[in-house]
Amino acid sequence: MLGVRSFDQLRAMLARAHMLLPGLYAWVTTVAYPATHRSASGGARTTAMVALIALVVAPLVAFDRPRLGRALGIYGFIGASTLTWVLLEPIVSVGRLEPIRGSLGAVGWALYAFGWGAVRRVDAVPEDDPRAILSDPLQPRSKLPAGAMAVFVASVVGALVPAFLAWRVVRPGHALLAHAVALACGIAMVVTGARLAIERGSWTPVTPSRVRVDSARAPLALVLLLLAAGTLFVLVR
């Protein structure tokens, strides 16, 4: 039977991926890339590595120690990245910024913020919230199949491959399309990997996916509108 703890472990894996992947993409695009410039100082490269360490460690401790995880993932990662930009001021000045890379980095930072927007402990009970609408308790259905974690980790690693391959595209116009496709492929691979990891045990989510998508229709439309406005601004400048 799939207990509450097993379901929370699956949610924790998805939440960690939502925190790590966009942050890693934002770090590579806006922090690591300028820090590898030949004129970058040693201090800037050190703070860039500190930001990477905070980014990777934060999702691992966020659910057992939420305060420490949020401190590392938000204050540590963003603070170290900001310090890196300060040390790289001549390299990341407004006159030397590339609009395409800057736009893609902004998307990565926005998705990273959404990933940290709803973090709670694994052992937290939603019904204990005074605003919760109580009903009959849901009964466990099945047990997570063996190897579910391995399948999910493989999907996360595979999702990073298109993002790094997109950097091999040299032409700016083609690079924009390559990064957009790579980001879409990465998200699709993570979602598919999570589905494969749980469906091998004939488990289905309690809330249909259509209901979850409909509930997020307004935020998704706003994100697409902002993305379209930013793209139009870059093209007409």
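Reading the values: rules and limits
- Residues numbered from 1 in each chain as written.
- Predicted model: local features only at pLDDT ≥ 70, side-chain atom pairs only at ≥ 80, totals over all residues.
- Heavy atoms only, no water.
- Helix = DSSP H or I, 4+ residues; strand = E, 2+ residues; numbered from the N terminus.
- Buried < 20%, exposed > 50% of the residue type's maximum accessible area, 1.4 Å probe, protein only.
- Contact = heavy atoms within 4.5 Å.
- Areas by Shrake-Rupley, 256 points an atom, 1.4 Å probe, with all protein chains shown as cover.
- Axes fitted to C-alpha atoms, helices over the stretch in contact; angles between N-to-C directions.
- Parallel < 35°, antiparallel > 145°, perpendicular 65-115°, else oblique.
- Left-handed = near helix turned anticlockwise from the far one by under 90°.
- Phe/Tyr/Trp six-rings, centres within 6.5 Å; stacked < 30°, edge-to-face > 60°.
- Core = buried A, V, L, I, M, F, W, Y, C linked by side-chain atoms within 4.5 Å.
- Expected span 1.5 Å × (residues − 1).
- Bend = angle between axes of the 7 residues up to and from the residue.
- Nonpolar A, V, L, I, M, F, W, Y, C, P; charged D, E, K, R; others polar.

Caption draft 1: The arrangement of the overall build of the protein in detail. Helix and strand counts for the protein stand at eight helices and zero strands. Walking the protein from its N terminus toward its C terminus, one meets helices and strands in the order α-α-α-α-α-α-α-α. For the protein, the proportion of its 237 residues judged to be buried stands at 32%. The contacts in the protein between residues at least 6 apart in sequence include a share of 83% that link residues at least 24 apart. Split by element, the accessible area of the protein, about 15100 Å² in all, is 68% carbon and sulfur.

Caption draft 2: Looking closely at the packing of helix 2 (residues 42–61) against helix 3 (residues 66–87). With their axes 8 Å apart at the nearest point, helix 2 and helix 3 run at an angle of 160° to one another. Between helix 2 and helix 3, the angle is such that the two are roughly antiparallel. As helix 2 packs across helix 3, the resulting crossing turns out to be left-handed. Of the residues in helix 3, those in contact with Gly-43, Ala-44, Thr-47, Ala-48, Val-50, Ala-51, Ala-54, Leu-55, Val-57, Ala-58 and Val-61 of helix 2 are Pro-66, Leu-68, Gly-69, Leu-72, Gly-73, Gly-76, Phe-77, Ala-80, Ser-81, Leu-83, Thr-84 and Leu-87.

Caption draft 3: Summary view of the packing of aromatic side chains. Counted according to the given criterion, the structure contains five aromatic pairs. Aromatic side chains Tyr-33 and Trp-167 sit 5.7 Å apart centroid to centroid with 20° between the ring planes, which places their arrangement in the stacked category. Residue Tyr-33 is located in helix 1 (residues 4–35), and its partner Trp-167 is located in the loop between helix 5 (148–165) and helix 6 (172–199); the two are separated by 134 residues in the primary sequence. On the accessibility criterion, Tyr-33 (41% relative accessible area) is partly exposed. Since its relative accessible area comes to 25%, Trp-167 is described here as partly exposed. Relative to Trp-109, the ring of Trp-85 lies with its centre 5.8 Å away and its plane at 65°, an arrangement referred to as edge-to-face. Placement of the pair is Trp-85 in helix 3 and Trp-109 in helix 4 (residues 99–115), with a sequence separation of 24 residues. Through pairs of rings, three or more aromatic residues link up here, namely Phe-77, Trp-85, Trp-109 and Tyr-112.

Caption draft 4: Quick look at the environment of Ile-198. Along the chain, the position of Ile-198 falls in helix 6. The sequence separation of Ile-198 and Ala-148 amounts to 50 residues, and the corresponding C-alpha distance is 6.6 Å.

Caption draft 5: Geometry of the nonpolar core. Core analysis: the largest hydrophobic core is formed by 25 residues, its most contacted members being Leu-24, Trp-27, Leu-55, Phe-77, Leu-88, Tyr-112 and Trp-116. Of all the secondary-structure elements, those providing two or more residues to this core are helix 1, helix 2, helix 3 and helix 4. In terms of residues, this core owes the most to one element, helix 1, which gives eight residues. Setting aside residues no more than four positions away along its own chain, Trp-116 makes contact with Met-19, Ala-58, Ala-62, Gly-69, Arg-70, Gly-73 and Ile-74. Counting seven residues, the second largest nonpolar core, distinct from the first, contains Ala-17, Leu-21, Val-156 and Ala-194.

Caption draft 6: Region of the structure containing helix 3. The end-to-end C-alpha distance of helix 3, which contains 22 residues, comes to 30 Å, matching closely the 32 Å that a straight helix rising 1.5 Å per residue would cover. The largest bend in helix 3 amounts to roughly 30° and is located at Leu-72. Listed in full, the buried residues belonging to helix 3 are Gly-69, Gly-73, Phe-77, Ala-80, Ser-81 and Thr-84.

Caption draft 7: Examining the packing of helix 4 against helix 6 more closely. The contact between helix 4 and helix 6 brings their axes to 10 Å, and the two run at 15°. Comparing their axes, helix 6 and helix 4 come out roughly parallel. Where helix 4 crosses over helix 6, the two elements pack in a sense that is right-handed. In contact with Ile-100, Leu-104, Val-107 and Leu-111 of helix 4, helix 6 contributes Pro-172, Gly-173, Leu-176, His-179 and Leu-183. Taken together, the residues of the contact of helix 4 with helix 6 break down into seven nonpolar, two polar and no charged.

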